[in-house]
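# Reading the structure
If you want the building blocks of each chain, they are given just below.
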Amino acid sequence: MEASAKARGTGIAKRSPEYVAHKMEEGKAVIALSGDGTWAGFCYIETWEGEYVANSGLIVSPQFRKGGVAKAIKQRIFELSREKYPDAKLFGLTTGLAVMKINSDLGYEPVTYSELTQDEKFWAGCQSCVNYDILMSKERKNCLCTAMLFDPKEHAVVEEVTKEFAKRKPVFERLLRFKQNRFLKRLTIDRNGGRKLKMFFFNLLS
Ligand SMILES: CC(C)(COP(=O)(O)OP(=O)(O)OC[C@H]1O[C@@H](n2cnc3c(N)ncnc32)[C@H](O)[C@@H]1OP(=O)(O)O)[C@@H](O)C(=O)NCCC(=O)NCCS
């Protein structure tokens, strides 16, 4: 992970191998393998202040890149994070376009750094980044990384409305068929007398 961060000229909040190994033991990691068991990619979960979750350390083995592996890993780690911490806000800090695209598809939105965890331990992770001086010169309000956040509360409303709509869909469809039938009847009548058209609009909206 560190080597690929250097290769793309950005920084990384460096973690020890023991730290990452512990994440695997705790079941807070996703490991992608190919059919023959070759390692293909990795990502793990970190928590901050009990209410923020970050999906960190995303990496795909070079031979498996550009084939949707990162997307699949992020989808799985997102689901795992939501299962383990349903009320937590999920966030990410990245300079990578691929990650921004994937996060955006998952429902993350760009936010200012003030929306992220203010846990000192999280920000201490940036000390090993080459851009740390920039972050500090901007009083931790901004840097080269884009901050993205998934707030479950905001999505709960959308999910609730979607569920409710799915539940009522047959009723809506029946209502729509009924209105369409009435509309067609009205139109037929309307060819003989224009005043009936007003009735159609009234019926459709009522
Ligand atoms: C970034 C990385 C994880 C992407 O993995 P991947 O398996 O190739 O990504 P995917 O194939 O799932 O692609 C996901 C999306 O990102 C796009 N994408 C992939 N690599 C990209 C790149 N280098 N630049 C711009 N977009 C890229 C894909 O086109 C796809 O977009 P689409 O859904 O619009 O088609 C991988 O290149 C990597 O491990 N890089 C080194 C480590 C790293 O940078 N990690 C991220 C730290 S924030």
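Predicted, not measured: the structure shown is a model, and the values here were computed from it. (Residues numbered from 1 in each chain as written. Predicted model: local features only at pLDDT ≥ 70, side-chain atom pairs only at ≥ 80, totals over all residues. Heavy atoms only, no water.)

Bringing the site of the ligand into the picture now. The ligand sits among 18 residues. The nearest are Arg8, Val60, Lys66, Gly68 and Lys71. Arginine 65 has a polar side-chain atom sitting 3.4 Å from an oxygen atom of the ligand. Between the ligand and the protein, one listed contact pairs an oxygen atom with a backbone N or O atom of glycine 67 at 3.2 Å. Bound to the protein, the ligand loses 71% of the 910 Å² it would expose on its own. Of all the elements in the fold, those that place two or more residues in the shell around the ligand are strand S3 (52-60), helix H3 (69-84) and helix H4 (97-106). (Near = heavy atom within 4 Å. Polar contact = N/O pair within 3.5 Å; in protein donor to acceptor, adjacent residues only side chain to side chain. Areas by Shrake-Rupley, 256 points an atom, 1.4 Å probe, with all protein chains shown as cover. Helix = DSSP H or I, 4+ residues; strand = E, 2+ residues; numbered from the N terminus.)

Each full turn of the α-helix corresponds to 3.6 residues, which orients residues three or four apart in the same direction. The first and last C-alpha atoms of H3 sit 22 Å apart over 16 residues, in line with the 22 Å expected at 1.5 Å per residue. Of all the positions in H3, only Val69, Ala70, Ile73, Lys74, Ile77, Phe78, Leu80 and Ser81 are classed as buried. Seen from one end, H3 has its buried residues packed into an arc of 165 degrees, which puts them on one side. Considering only its buried residues, H3 is in contact with strand S1 (29-33), strand S2 (39-48), S3, strand S4 (89-94), H4 and strand S6 (146-150). (Expected span 1.5 Å × (residues − 1). Buried < 20%, exposed > 50% of the residue type's maximum accessible area, 1.4 Å probe, protein only. Arc of directions from axis to C-beta. Contact = heavy atoms within 4.5 Å.)

Here we take up the pattern of salt bridges. Within the structure shown, the criterion is met by 10 salt bridges. Lysine 167 is the partner of glutamate 164 in a salt bridge, and the nearest nitrogen-oxygen pair spans 3.4 Å. Taken together, the residues span about one helical turn, with glutamate 164 and lysine 167 both in helix H7 (residues 152-190) at a distance of 3 residues. What makes lysine 167 exposed here is its relative accessible area of 62%. Through salt bridges with shared partners, a single network forms among Arg76, Glu79 and Glu83. (Salt bridge = Lys/Arg side-chain N within 4 Å of Asp/Glu carboxyl O.)

So, about the packing of aromatic side chains. A complete count under the given rule lists 10 aromatic pairs for this structure. Consider the rings of phenylalanine 42 and tyrosine 44, whose centres lie 6.1 Å apart with planes at 35 degrees: the pair is tilted. Tyrosine 44 carries the same exposure label as phenylalanine 42, and that label is buried. Summarising the aromatic geometry, the rings of tyrosine 108 and phenylalanine 150 are spaced 6.3 Å apart at their centres and angled 50 degrees between planes, so their arrangement reads as tilted. Residue tyrosine 108 is located in the loop between H4 and strand S5 (109-111), and its partner phenylalanine 150 is located in strand S6; the two are separated by 42 residues in the primary sequence. You can call phenylalanine 150 buried: its relative accessible area is 3%. One aromatic cluster in this structure is built from Trp48, Tyr52, Phe91, Tyr113, Phe122 and Trp123. (Phe/Tyr/Trp six-rings, centres within 6.5 Å; stacked < 30°, edge-to-face > 60°.)

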